Amino acid sequence: MSTRNLENLAEMKCKEDESKPRPEILPETEGFWKAAARHELAVQCCGSCGQNMHFPRLLCHRCLSDQLTWKNTSGHGVIYSYTIIRQAADKRFAGDVPYVYAIVELEEGVRMISNVININPSEVRIGMDVQVVFKDLSEELSIPMFEPTERRRM
Ligand SMILES: [Zn+2]
């Protein structure tokens, strides 16, 4: 392969990353993304009944109160379930396969969908302890992901 072709490949790879879909920031999700930009993993908490929630909502799913605030979590949890994506449904993710798409149950009792990284996908297991890490896409946008951690004593 010529040097010119390699340059084209590198350019294509870069454009591929830039073209990946980005989260849409909505009024109810703004607090989550602002916290993530600070490398904090926040969930909503109901000021009326104390329920922790994720995904973000405009009303509490338990008591329908709109008195919702944000609170930072420990960022620790366990893998509740997962699958390994081996074939990208969207070509913009073709360079990422295989990757782990997981439901993580945080210590605070809420479940969150994300990727588990920094591990061979074949080594991921349900119940594995994980902690949040942040993938910075820009100064304003960081994506919370999870990586394996040592088992914590509670
Ligand atoms: Zn509530």
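Look up a bit, the structure's there.
This text gives an overview of the structure that appears in the document. (Residues numbered from 1 in each chain as written. Predicted model: local features only at pLDDT ≥ 70, side-chain atom pairs only at ≥ 80, totals over all residues.)

Below, the discussion takes up the overall build of the protein. When you go through the protein residue by residue, the secondary structure sums to two helices and eight strands. Of the regular secondary structure in the protein, the N- to C-terminal order runs α-α-β-β-β-β-β-β-β-β. Residue burial in the protein is summarised as follows: out of 154 residues, 16% are buried. (Helix = DSSP H or I, 4+ residues; strand = E, 2+ residues; numbered from the N terminus. Buried ≥ 20, exposed ≤ 12 C-beta atoms within 10 Å, placed from the backbone.)

Ordered in space as β2-β1-β3, the three strands form an open sheet in which the pairing is antiparallel. A single partner strand is all that each edge strand has here, and the edge strands are β2 (52–53) and β3 (68–72). In this sheet, β2 lies alongside strand β1 (residues 42–46) in antiparallel orientation, the contact comprising two bridges. Each residue of the ladder has a partner; that of Gln-44, found in β2, is Met-53. (Pairing = 2+ DSSP bridges.)

Further remarks concern the nonpolar core. Among soluble globular proteins, nonpolar side chains are generally buried collectively. Judged by nonpolar contacts, the single largest core of 16 residues is most densely connected at Ile-79, Ala-102, Val-104, Val-116, Val-130 and Phe-146. Those elements that place two or more of their residues in this core are α2 (30–37), β1, β5 (99–106), β6 (111–116) and β7 (129–136). The contact partners of Val-104, leaving out residues within four places of it in the chain, are Gly-77, Ile-79, Tyr-80, Arg-111, Met-112, Ser-114, Val-130 and Phe-146. (Core = buried A, V, L, I, M, F, W, Y, C linked by C-beta atoms within 7 Å. Contact = placed C-beta atoms within 7 Å.)

A few words on the pairing of strand β4 (residues 76–85). Bridge analysis of β4 against β7 gives three bridges, and the strand direction is antiparallel. Paired with His-76 across the two strands is Gln-131, which belongs to β7. With eight bridges connecting them, β4 and β5 associate as antiparallel partners. Looking at the pairing, Thr-83 lines up with Tyr-101 of β5.

Checked against the element boundaries, Phe-134 lands in strand β7. Among residues more than four places away in sequence, those in contact with Phe-134 are Ala-36, His-39, Ser-142, Ile-143 and Pro-144.

Moving on: unusual backbone geometry. Each neighbour pair has its own omega, and for His-54 with Phe-55 the value is 15°, a cis peptide bond. Summarising the element assignment, Phe-55 is placed in the loop between β2 and β3. Omega for the peptide link from Val-97 to Pro-98 comes to -5°, which places this bond in the cis form. Tracing the backbone shows Pro-98 in the loop between β4 and β5. In this model, Leu-64 sits at a positive phi of 70°, which is unusual for a non-glycine residue. Here Leu-64 is to be found in the loop between β2 and β3. If you check the backbone angles, Asn-118 has positive phi at about 60° while not being a glycine. Relative to the assigned elements, Asn-118 resides in the loop between β6 and β7. Overall, the presence of 10 C-beta atoms within 10 Å leaves Asn-118 in the exposed class.

Of note, Val-104 is situated in strand β5. Expressed as a C-alpha distance, the spacing of Val-104 and Val-132, which sit 28 residues apart in the sequence, is 9.9 Å.

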